[in-house]
Amino acid sequence: MIKIALSCGLYVTKDAHWEGSQHQYVNDAYVSAVLNAGAAPVLVPATDCREAVSAVIEDCDGLILTGGCDVSPLEYGQEPAPKLGTVIPRRDRLDRMTCDSAYEKKIPIFGICRGMQFLNVYLGGTLYQDVHYYPHETIQHSQRSPRGETSHPVVVSEDSWLYRVIGERTLVNSWHHQLINRLAPTLKATAHSSDGVIEAFESIPDPSSSFLIGVQWHPEELHSTHAEMANLFSSFIDLCRDAKPL
Ligand code: MN
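Rules of the game
- Residues numbered from 1 in each chain as written.
- Predicted model: local features only at pLDDT ≥ 70, side-chain atom pairs only at ≥ 80, totals over all residues.
- Heavy atoms only, no water.
- Donors = N, O, S within 2.8 Å, 3.2 Å for Na, K, Ca; no water.
- Helix = DSSP H or I, 4+ residues; strand = E, 2+ residues; numbered from the N terminus.
- Buried < 20%, exposed > 50% of the residue type's maximum accessible area, 1.4 Å probe, protein only.
- Polar contact = N/O pair within 3.5 Å; in protein donor to acceptor, adjacent residues only side chain to side chain.
- Contact = heavy atoms within 4.5 Å.
- Pairing = 2+ DSSP bridges.
- Axes fitted to C-alpha atoms, helices over the stretch in contact; angles between N-to-C directions.

> When you look at the coordination of the manganese ion in this model, what are you seeing that I'm missing?
Metal coordination angles in their ideal form are 109.5 degrees for the four-donor tetrahedron and 90 or 180 degrees for the six-donor octahedron. Note on the manganese ion: its protein donors are His141 (ND1), His152 (NE2), Ser174 (OG), His176 (NE2) and Glu199 (OE). The metal-donor distances range over 2.3 to 2.4 Å. On the primary sequence, the residues serving as donors to the manganese ion are separated as H-x10-H-x21-S-x1-H-x22-E. Highlighted residues: His152 in strand S8 (residues 152-156) and Glu199 in strand S12 (residues 198-203), separated in sequence by 47 residues. For His152, a relative accessible area of 2% corresponds to the buried category.

Okay, structure coming up:
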């Protein structure tokens, strides 16, 4: 069975019996999206032990960088702006180590929301630390409808992996207050919202490197109700299967 690594986030519980204790987590929706696509999810805990992270990734055929808190602007050479949200440097260090290991092993990488933003930063791009720093007015990117509902359209570029998977236009959900600013040189934008915001990218094909894709929305919340989002996961897992040495 194809194994997909899922990067963990950290949160401090407010639950009465465990108040103040730190937990490692991934949202259940990622686990069920991977299982539903026929692969086995493997959780990668947020730790500073590079050997442990590398040993977990060594066993995996693909990596999904999950959503979560903001990426530290120090990661792209900027200082924190007033509207920056919560940053957990340990999470940034984990994502850097998982990407290093995935690159070393040349396994495909799929970045979702924060995961997409992190990939851009990892490869030398930058972010707008908040939607209000974007030079144009935007549509609403933090929807106030339930997670399993879509809220805005995206248009997909024709010459892309994403186009072959989900077609030229689709509706997505949206919970991001940061945006891609300068795209990393090895990436190409593959979907935009009507305000010009980059909603998806993929790597410019390079046989010596991992193929990677990023989406700004949350397909894991839509996979059971929207066939094209289930297709996104199963097509990613096909990439992982194809990349696996025989
Ligand atoms: Mn959006």
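> Looking at this structure, how should I read the side chain of Glu221?
Here Glu221 shows up in the loop between strand S13 (212-215) and helix H6 (227-243). Taking relative accessible area as the criterion, Glu221 reaches 19% and is therefore assigned buried. In terms of polar contacts, Glu221 uses its side chain to reach the side chain of Arg147, at 3.1 Å. Leaving out residues up to four positions away in the same chain, Glu221 has contacts with Asn27, Ala29, Arg147, Gly148 and Asn173.

> Would you explain the environment of Arg50 in this entry?
Along the polypeptide, Arg50 turns up in helix H2 (residues 50-58). According to the relative accessible area criterion, Arg50 is partly exposed, its value standing at 41%. When neighbours within four sequence positions are excluded, Arg50 is seen to be in contact with Met97 and Asp100. Separated by 3.0 Å, the side chains of Arg50 and Asp100 make a polar contact.

> Quick question: what am I supposed to make of the sheet that holds strand S1 (residues 3-7) here?
Remark on secondary structure: sheet strands pair via backbone hydrogen bonds, oriented parallel or antiparallel. Strand order in the open sheet formed by nine strands is S4-S1-S5-S6-S13-S12-S11-S8-S9, with mixed pairing between adjacent strands. Of all strands in the sheet, those with a lone pairing partner are strand S4 (40-44) and strand S9 (169-172), marking the two edges. The mean angle between the axes of side-by-side strands here comes to 25 degrees, regardless of whether they run parallel or antiparallel. Bridge count for S1 against S4 is five bridges, and the pairing is parallel. Looking at S4, one finds that Leu6 is bridged to Leu43. Of the strands in this sheet, S1, S4, strand S5 (62-65) and strand S6 (109-112) touch helix H1 (residues 28-36), which is tilted by about 145 degrees from S4.

The values reported here are purely geometric and, on their own, carry no functional implication.
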